[in-house]
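Overview (structure and organization)
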Amino acid sequence: MPRSPTRFLARLAAALALATFGGAFTVSQAWALDQGDDVSRLFSFGGSCVACELSGRKLPEAHFVGANFSGSILVASNLQGAWFVGANFSKANLTRADLRGANLLGSNFVGADFTDANLAGIRGHGADFSGANLARTNLEGASLLGSQLAHINGREADFNGASMMAANLSEGRFDRAQFRGANLVAANLYDSSFVGADFTGANLNHANLTSADLSGAKGLTQSQLDTACGAPSTRLPAGLVAKPCHGGPNVVILHDVAQPAPPRPPPAPPPPARPAAPHYIIDFGGF
């Protein structure tokens, strides 16, 4: 039976008044509210909701596509399985938020606060967490391929089993963080502190340890370090050494390559040979 238009408009007005989502609140969300809690996962957010107060909201599997939620407050919100695609959550407050299994693809979380948040099993490919606070954040089993984790506070964070291939962990604080079984292939750990961090079983193949402080790290073995590289500035536990990196703190070194000269045109073919003089057959008709 179709919904009453009057009832729908009333719920839409109430939702707009109570949710305070501004221009980010869309008709699809009001429709979901009108259907009841069993379809609340249909929420889809776009537009702008800068500095919105969304603490404690239940938004599992919500979609934030190209939305601007910078500076928003989502303390203890339920965002399990949510999709953040090209969204801007810079400087957002996500302390104690539940983002288990969420997709943070190519989104901006620069300067965001994830203290005590649960990000276990997230997919954060290409996400930017630069300068974020990830203290005591649960990132167990997270996929952070090529993500930006520079200048972050990752103290006591749980990266156990996380895939961090080619991630940038430079100039951050990861003291007492857990990296047991983590994949750090080609990751950049330049000038970061890992005092008391646990690297048991971590894959450091081609990882850059230049200027990193691993002096108090746990679980490091020489066989792990043999696959990585460092510098005299790298601080390691007693008895362990790292081979030198070539090219400084960058794991991937791009060289200027001169553009090849355009190919020369092929030589002109030789002129065709002059045809031989014609041969004539003369028939004298029986003479």
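Cut-offs used in this document
Residues numbered from 1 in each chain as written. Predicted model: local features only at pLDDT ≥ 70, side-chain atom pairs only at ≥ 80, totals over all residues. Heavy atoms only, no water. Helix = DSSP H or I, 4+ residues; strand = E, 2+ residues; numbered from the N terminus. Polar contact = N/O pair within 3.5 Å; in protein donor to acceptor, adjacent residues only side chain to side chain. Contact = heavy atoms within 4.5 Å. Disulfide = S-S within 2.5 Å. Buried < 20%, exposed > 50% of the residue type's maximum accessible area, 1.4 Å probe, protein only.

Tracing the sequence through the fold places Asn168 in the loop between β4 (103–105) and α3 (222–225). A distance of 2.8 Å separates a polar atom in the side chain of Asn168 from a polar atom in the side chain of Ser170. Apart from the residues lying within four places of it in its own chain, the contact partners of Asn168 are Ser147, Gln148, Leu149, Ala150 and Asn188.

Turning next to the state of the cysteines. Tallying each qualifying case throughout the model produces 2 disulfides. Linked covalently through their sulfurs, Cys229 and Cys245 form a disulfide whose S-S length is 1.8 Å. Sign of the S-S torsion, about 90° for the bond between Cys229 and Cys245, identifies this disulfide as right-handed. Residue Cys229 is located in the segment after α3, and its partner Cys245 is located in the segment after α3; the two are separated by 16 residues in the primary sequence. Judged by its relative accessible area of 16%, Cys245 is buried. The connectivity of the disulfide-linked cysteines in the protein chain, indexed sequentially, is 1-2, 3-4.

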